[in-house]
Amino acid sequence: MSSIWNGHGTRIRMCEVGTRDGLQMEPCFVPTEDKIALVNALSHAGLAKIEVTSFTSPTAIPALRDAEIVMREIERVPGVVYTALVPNMRGAERAIDARTDELNLVMSVSETHNIANLRMTREQSFASLSQVIALAHQAGVPVNVSLSCVFGCPMEGDVAESEVFAFAQRFAELGVQGITLCDTTGMAFPPQVARITSHAIKCWPAVQFTLHFHNTRGMGLSNVLAAIDAGARQFDASLGGLGGCPYAPGASGNVCSEEVVHALECMGYDTGVDLNALVDAARRLPDLIGHEVPSQIVKAGRRLDTHPVPADFDAIRERALARAT
């Protein structure tokens, strides 16, 4: 049996994106103090990184219009990286001023998706992000670049892997610290994941690669395992399974943080995450966003969570024992 089924204590770094990728999709505005309290709770759950917010224009993403306040007022727990999505120079200046630990820049490797989502061609995005990277280097702030639609585009279909690797090379040459390979619309499948992940890790060993999966077609966890088998050790996930993509009709959220942590713990991997604390944080979400969350761990509990026996269990047992004699 493959060693993937026995983690042997292998460390997997979990990056929580629900407070950005999840909340930005919600129609209701979560009060600023509740966002801060949620990030603080996640900070004490043992996560390696938290994508706190987005320094996008408040008119574009009104749900995160309080980015500066949230980033400035959260509790900073040593060892946790506090990152934020940054779309352009103005967003970078705001994020740096708010003491963001890392800037997460985004563009798509699909020309169609990039134009639809960012209103720019890929080359225009690359030129803009190159300026942001230069600014971040001047400020001494690390940069991660999230490449969208690595595993497929909802409008183009398959995306050539050569296009993915060409942009990875260009950003690596600019000195970014990390690159996230994003399954933006849940189109990835395990053999594809293994092939792309292993090639990326082999070609750019100095770059910290993160895998970002959605569970749109029910393959999120299997893709996580395929990536681990290919050498990946860092993953994005979203509390409660929140998230989605406006350009992927029917798309569900990101892989669920507590589901991934629960599964990996069962397999012997070390996520460093306190699962109880993570589940407690996820249980706050329905009251904050006004609806239930996809998380099966919130609904069903962990594998060995037990339930009380039926109220008339003793009588049932007595009857069963009587029939046996």
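All figures in this text were calculated on a predicted structure; none of them were measured in a lab. (Residues numbered from 1 in each chain as written. Predicted model: local features only at pLDDT ≥ 70, side-chain atom pairs only at ≥ 80, totals over all residues. Heavy atoms only, no water.)

A. A look at the pattern of salt bridges. Across all of its chains, the model carries 14 salt bridges by this definition. Taking the shortest distance from any N to any O, the salt bridge between Asp 101 and Arg 76 comes out at 3.5 Å. Linking Asp 101 in the loop between helix H4 (89-97) and strand E4 (102-108) with Arg 76 in the loop between helix H3 (67-73) and strand E3 (81-85), this pair joins segments that are 25 residues apart in sequence. The exposure class assigned to Arg 76 is partly exposed, which follows from its relative accessible area of 24%. Among the salt bridges present, the one from Arg 122 reaches Glu 111, with a minimum N-O distance of 2.8 Å. Residue Arg 122 is located in helix H6 (residues 122-139), and its partner Glu 111 is located in helix H5 (residues 111-118); the two are separated by 11 residues in the primary sequence. Residue class for Glu 111 comes out partly exposed when judged on its relative accessible area of 25%. Members of the salt-bridge network, linked through shared partners, are Arg 20, Asp 21 and Glu 51. (Salt bridge = Lys/Arg side-chain N within 4 Å of Asp/Glu carboxyl O. Helix = DSSP H or I, 4+ residues; strand = E, 2+ residues; numbered from the N terminus. Buried < 20%, exposed > 50% of the residue type's maximum accessible area, 1.4 Å probe, protein only.)

B. Broad picture of H5. Restricting attention to buried positions, one finds in H5 the residues His 113, Asn 114 and Ala 116. Tucked into the core, H5 has its buried residues touching E4, H6 and strand E5 (143-148). Phi turns positive, to about 65°, at Arg 119, one or two residues after H5. (Contact = heavy atoms within 4.5 Å.)

C. Quick peek at the side chain of Thr 83. Looking at where Thr 83 falls in the secondary structure, it is placed in strand E3. Once you skip the residues sitting within four places of it in the chain, Thr 83 turns out to touch Lys 49, Ile 50, Glu 51, Val 52, Thr 53, Met 71, Thr 100, Glu 102, Leu 103 and Asn 104.

D. Structural context of the nonpolar core. Core analysis: the biggest nonpolar cluster contains 91 residues, and Phe 171 and Phe 213 have the highest contact counts within it. Considering every element that reaches this core, the biggest residue donor is H6, with six residues. Here Phe 171 is in contact with Met 107, Phe 126, Leu 129, Ile 133, Val 145, Leu 147, Val 176 and Ile 179, once residues within four sequence places are set aside. (Core = buried A, V, L, I, M, F, W, Y, C linked by side-chain atoms within 4.5 Å.)

E. Quick peek at the environment of Pro 308. Position of Pro 308 among the secondary structure elements: in the loop between helix H13 (296-300) and helix H14 (313-324). Relative accessible area serves as the criterion here: at 78%, Pro 308 is assigned to the exposed category. Put simply, Pro 308 and Ala 263 are 45 residues apart on the chain and 24 Å apart in space, counted from C-alpha to C-alpha.

F. Spotlight on the side chain of Lys 35. Position of Lys 35 relative to the elements: it lies in helix H2 (residues 32-43). Judged by relative accessible area, Lys 35 falls into the buried class, the value being 4%.

Limitation: the analysis is restricted to geometry and does not speak to function.
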